[in-house]
Amino acid sequence: MDDPSSACEGGTETFKGWRDSAFCRRQKRLQEGRSPYLALLPSLNVTDDCADVTLINLDNHVTLMLQVFSLPDGMVRLCVREEKPLRPRYRVRDVLTNKLETQRWKVVKRNEESVELLHGDIEVTIYRQPFFLEIRANQEVLMKLNARGLLYFEHTRQRNTSSAATVTTIEHDNDGLWEEVYDGYEDSKPNGPTSIGLDISLPNVEHVYGIPQRATSLRLKATSNGMGPYRLYNLDVFGYPLDNPGGLYGSVPLLLAHQTLRTSAIFWLNGSETWVDISGTWQQSWWHWLLAHMLWWRRVKPETNVRWMSESGEIDVFLLLGPSPKDVFRQYSSLTGTLSLPPLFALGYHQCRWNYEDEDDVRSVDAGFDAHEIPCDVVWLDIEHTEGKRYFTWDHKRFGDPIKLQQDLGNKGRKMVTIVNPHIRLDDDYDIYSEAKQAEYFVKQRDGQDFVGNCWPGPSSYLDFSNPSVRHWYADKFSYSKYKGSTEFLFSWNDMNEPSVFHSPEKTMPKDLVHHGGWEHRDLHNLFGYYQQQATAEGLINRSGGIHRPFVLTRSFFAGSQRNGHSPRRILACSGQLESVWQLIQVLSPPFEQSFAAIFDQVFSCGHIQGGAVWTGDNLSEWGHLKTSLPMLLSLSICGISFCGADVGGFFKDPESPELLVRWYQASAFQPFFRGHSSMSSVRREPWLFGEENTELIRRAISQRYALLPYWYTTFYHAHCTGEPIMRPLWVEYPSDIKTFVLEDEYMIGSALLVRPVVEPSAKSVQVYLPGNDENWYDVHSFQRHKAPCILWKTVTLSSIPVYQKGGTIVPRKAFVKGSSVLQRSIPYVLFIAHDAQGNAKGQLFADDEYSFDYQKYNCFLLCNFTYSSGTIMAKLDSSSGEFCTQAYIESLVSMGEACPSKVTLLHTVKEERCVKFDYDTETQCVKIEGLNLPLSHEWTVRIS
C-alpha cells in the first residue's frame, strides 16, 4: 500500500536493470561453449541418497561437488556446492515440506567420457569434458544442463586474493566483486563475490511460463531480443509498469515448459536476487524459420534455453519431468506443499480502502451493503486504524470499542481484517518495540546495531523473521490477551513485507545487513515476507488453540507461501484452556533442557501452515492493468499461489469511467481472491456510489460469485488435496491443443467453468475460443449449447461477461444469495448438469463447518459425488467422507441438453420412489426439477425418462 505522492516521502525510487547488477554483468560476459568445468568421473560415488562426482574449474582449479538425487514421482534434484568453502554458503530452509525421500541410482554404463545413471524410466548421463548433464525419460531427451557451457560458481575467497589461480578472466576488472554502488548507496560485500549460474536447455519446447511476479504476458518472451532477463527480487513497485521483466512484490523461481506431448518444470531453490534469461530457436525471424523448414537438411527442432543467475547461495535445482501438467503440479506440491484450505468467508467479497476513518465509517460501509442488498464478508482496516502506526494497537479516538464493532459485524456473518506490517516504530514505550529490542530480534547492521529505516511510522526497525524464535514470539502477539481489542472475527494483512524501506536502495533493505545466524540479507531477501506470513498464520492458529483456520493476505511471497501443513490440534488437545502454543510450551518446557525454538519446532514438526492469499499489489485504475491482471494471476496460479487476486478497480487513480469499474468487478468475481481496494487519494469506491444502473451491474457480479461459492469451495478443496491450480490456463485442461498455448484473456476455474472477461473499453463483442474435440459448452446465462472446437464472436453488453460450463460436468450453486457466506449456510443447493457428447456428466460438492480444522483432524466433512448417465442422476458419498451434520440440502436440478422427459422419479436411500414435478424449456433444452429437498448426507437417484 503506497500513495504516489508520498510513497517515499517525496523521494523518487529507481530499480535495477540487469546492467546495474554487477554479478549479472559478470555472468553475462561468459561465452557460450567455453565451459572450464571438467567432471572427474573416477570420483563418482553412488549411495542410497545420491550420486556425487567432483567438478574442477580448469581456469582456477577450484573443485565443486555435484550431487544428483533421484526423487520419487519423476523428479531429479541437482546440487552443486564448493568442496572446501572458506565460509559457509546459505542454503534455503523452511520451504521444502519435509525431508525428501531418495532412490538409489544404478550405474548402467560407464567409460572415460561419460557415466549413465538409471532409475525407473529416468536416465541421467554425466559427460566429462566439457562437463554437461543430460536427462532422459523413456530415451527421450528432456533437459540438458550446462550444454551451453554457462555453469558459473564464484568461490569463496579472501579479499587480498588476486592471483590468476583463483580469479577468473571475467573477474579481472574487479567489477563489483567487493563493493558496489547503486543510486548513491554502497553495498559493502564483505564476503566478496558468491554468485552462481547454470543454463538448462529444453529440447522440443517453444512455450515456457511462470517465474512470477511481474506484469507481463503469460507465455514468457525471449529476453535476448533487447528486453533483458527476468528478475526475481521482491520489491515495492507502486503503479508498476506493464510488459516489464522487472520483479515485483514476490518471487516463485518455478518455470514450466509445455509442449503437446509433455509438460516439465524447473524449480530453482534460491532466495537471493535472481535473473533468468530465456532464448531459443523459436525466437528467430520468420524468414529464418521458413528457410530452415523449407530445407529439410537444415531443419531443426525447437529448443528453449533457460539461464539462471543468482547472487549467492548454492545451486539447488529440482527438475520436474511431468509428463502432464497435472503431474507437474503434483510433483511441485510434494516439494513445497499444497494450497492451505481457507475458511469459506475468505472466498467471499472483501471491501477495503486506505483508510476507513473510524467506527462510524465502518458501520456506514457495513450498512451500505445491507441497504443495497450486496453480499460482503469482510471489511478491512489499513494503517490509520492504529495508534501512531504501532501495529497490534487501536486508535481509540477513532475506534473506541473495536471488540463490539467486530462482534456486530460477526453477528451478520462478517469479519474484519487489520494490517500488520513488519516494520516496528522506534518507541521505548511501545511494548512490541521494547521487547524486540531487549531480545535482539531486529535485523542488524554490520556493526551489530539494530538497522533503522524509514517506513510509515517514520524511523523503524525490522523484525528478523528468519529467526525461529522471532517468529514464535511474533505469533504469540496475535493471542487475544496480547492483541488487545482482537476477537475471533479479526484476521490479518501483511503489507510492505518485501521488505519496503523508504530512502534505501531500491526502496528495500541494504543487502549487507545481517540476519540470524550471521547470514546477509542478500542471501535470503526473497524469503522475508514468506517468513512473516508464516509467523502471522501460526499466530492466528495458536490464538484459537489450533481450532480455527487462519486467513492472512500477504503482498510478498516465495515458493511455499501457499503451504498446507497439518493442524497442530492433535498436540494441542491436551492444552485445555491454554490460550496459545507459547503458553503450552511454557508449561511443558521446564523438564527439558531444550530451547523454546527447538520445542516449538517439535510441536510443529508436521509442517507450517501459511494460510494466506496474495494479491498483485499497487495497481492502477487503468484498462491496461485490468487486462494484465489476467496473465499475472494465471502465472501465480500455475506456480502454486492459487489463492490470488488483484485490487478491484485498481488501487491508484480514479476509474476513467464506471465501465472500467464494472468490468473489473465482473472479472474479479471469477478470480480466487475478490477484494475491492483503493487509495486515500482516489474517490470512494463502495459498489453503490456510481449510480443505480452500475450498482445493479456490480450487485449482479458479486451475487454470481456468492451463488457459485459451493463450486469455489469444492475447487479449493480439490486444489488443497492435489496441488492443481484453481484459476488455470486452458492448456492445463487441453494440453495437446496448440491454440490454447498463448491464450491469456480466457481461463478455466477448476475443470468446469471457462471465463472470458471483457478487458477493453466500449467492447461490443469479444472472441472466445472453446476447446475440445466434439466437446459441448453451455452458456451459463442462456444455456445455449456450442460444439467445440470453435471460435465465437460473442456479443457483449455491460450486463455480463461470457462464462461457459463444460459438457460432462456438474456444478453446484446456491439457490439464492444472502448478505454473507455465513448467512448462506442453510440456503439449498442447485445442481447444474451439463451433458457431454455422450450424454454423461460428473461433479462433486465439498461441505464442512467452513472455518475449522475438523475436516482434517476428525474427518468431519462430506464429499458428495454426482454422476449423470442415460437420464439417471446419482448422488453417492465419497469414501473419504466422514461424519458431518448439516441442514443444507439439494433443492433442485437443472439438466442442460436434455430431451423433453415424460416423467421424473426420485429414488431415495430409504427405497421410497416418487414422481417429482419438472419444467422443460424447449428452446434451451433444459429440464428443471424442483422440490427435491435431498439432504447432503443421503444418497439418492433421480431418473429422467
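Details of the structure are given in the entry above.
The sections below set out a description of the structure shown in this document. (Residues numbered from 1 in each chain as written. Predicted model: local features only at pLDDT ≥ 70, side-chain atom pairs only at ≥ 80, totals over all residues. Heavy atoms only, no water.)

## With respect to the environment of Glu440
- Of note, Glu440 is situated in the loop between α6 (431-439) and β25 (453-455).
- Sequence spacing of Glu440 and Asp450 is 10 residues, and the spatial spacing of their C-alpha atoms is 8.0 Å. (Helix = DSSP H or I, 4+ residues; strand = E, 2+ residues; numbered from the N terminus.)

## A short note on the packing of helix α14 (residues 658-668) against helix α15 (residues 692-707)
- In the contact formed by α14 and α15, the axes pass within 8 Å of each other and the chain directions differ by 10°. Here α14 lies roughly parallel to α15, going by the angle between them. Only Asn694, Leu697, Ile698, Ala701, Ile702 and Arg705 of α15 make contact with α14, whose side of the interface consists of Pro658, Leu661, Val662, Tyr665, Gln666 and Ser668.
- For the contact of α14 with α15, the per-class residue count stands at eight nonpolar, three polar and one charged. (Axes fitted to C-alpha atoms, helices over the stretch in contact; angles between N-to-C directions. Parallel < 35°, antiparallel > 145°, perpendicular 65-115°, else oblique. Contact = heavy atoms within 4.5 Å. Nonpolar A, V, L, I, M, F, W, Y, C, P; charged D, E, K, R; others polar.)

## With respect to the pattern of salt bridges
- Inspection of the entire model under this criterion finds 69 salt bridges.
- The partner of Asp408 in a salt bridge is Lys404, with the nearest N and O atoms 2.9 Å apart. Here Asp408 pairs with Lys404, and both are found in helix α5 (residues 402-411), just four residues apart, close to one helical turn.
- Classification of Asp408 by relative accessible area gives partly exposed; the value is 23%.
- Given the relative accessible area of 42%, Lys404 is considered partly exposed. (Salt bridge = Lys/Arg side-chain N within 4 Å of Asp/Glu carboxyl O. Buried < 20%, exposed > 50% of the residue type's maximum accessible area, 1.4 Å probe, protein only.)

## Some thoughts on the sheet that holds strand β27 (residues 490-494)
- Across the sheet, which stays open at both edges, the eight strands sit in the order β30-β29-β28-β27-β23-β22-β21-β31 with parallel pairing between neighbours. Across the chains shown, the open sheet's two edge strands, defined by having one partner strand only, are β30 (644-645) and β31 (674-676).
- When strand β21 (residues 349-351) meets β31, the two strands line up parallel, connected through three bridges. Its bridge partner being in β31, Gln351 is matched across the sheet by Gly676. (Pairing = 2+ DSSP bridges.)

## Examining the sheet that holds strand β26 (residues 458-462)
- Ordered by their spatial adjacency, three strands build an open sheet running β24-β26-β25, and the pairing between neighbours is antiparallel. Strand pairing shows two members of the sheet lacking a second neighbour, β24 (423-425) and β25, which therefore form its edges. Between one strand axis and the next, the sheet turns by 60° as a mean value, whatever way the strands run.
- Judged from the three bridges that link them, β24 and β26 form a sheet pairing that is antiparallel.

## Points about the packing of aromatic side chains
- The final tally for this structure, using the stated rule, is 47 aromatic pairs.
- For the ring pair Phe392 and Phe478, a centre distance of 4.9 Å and an interplane angle of 75° mean the geometry is edge-to-face. Of this pair, Phe392 sits in the loop between β22 (378-381) and α5 while Phe478 is found in the loop between α7 (468-476) and β27, placing the two residues 86 residues apart along the sequence. Here Phe392 and Phe478 have matching classes, each one buried.
- Ring pairing ties together the aromatic residues Phe345, Trp380, Phe491, Trp493, Phe551, Trp615, Phe643, Phe673 and Phe716, which thus form one cluster.
- Cation over ring: Arg77 sits above Phe69, and NZ or CZ is 5.7 Å from the ring centre.
- Note that Arg675 overlies the ring of Trp493, its terminal NZ or CZ placed 4.9 Å from the centroid. (Phe/Tyr/Trp six-rings, centres within 6.5 Å; stacked < 30°, edge-to-face > 60°. Lys NZ or Arg CZ within 6 Å of the ring centre and 35° of its normal.)

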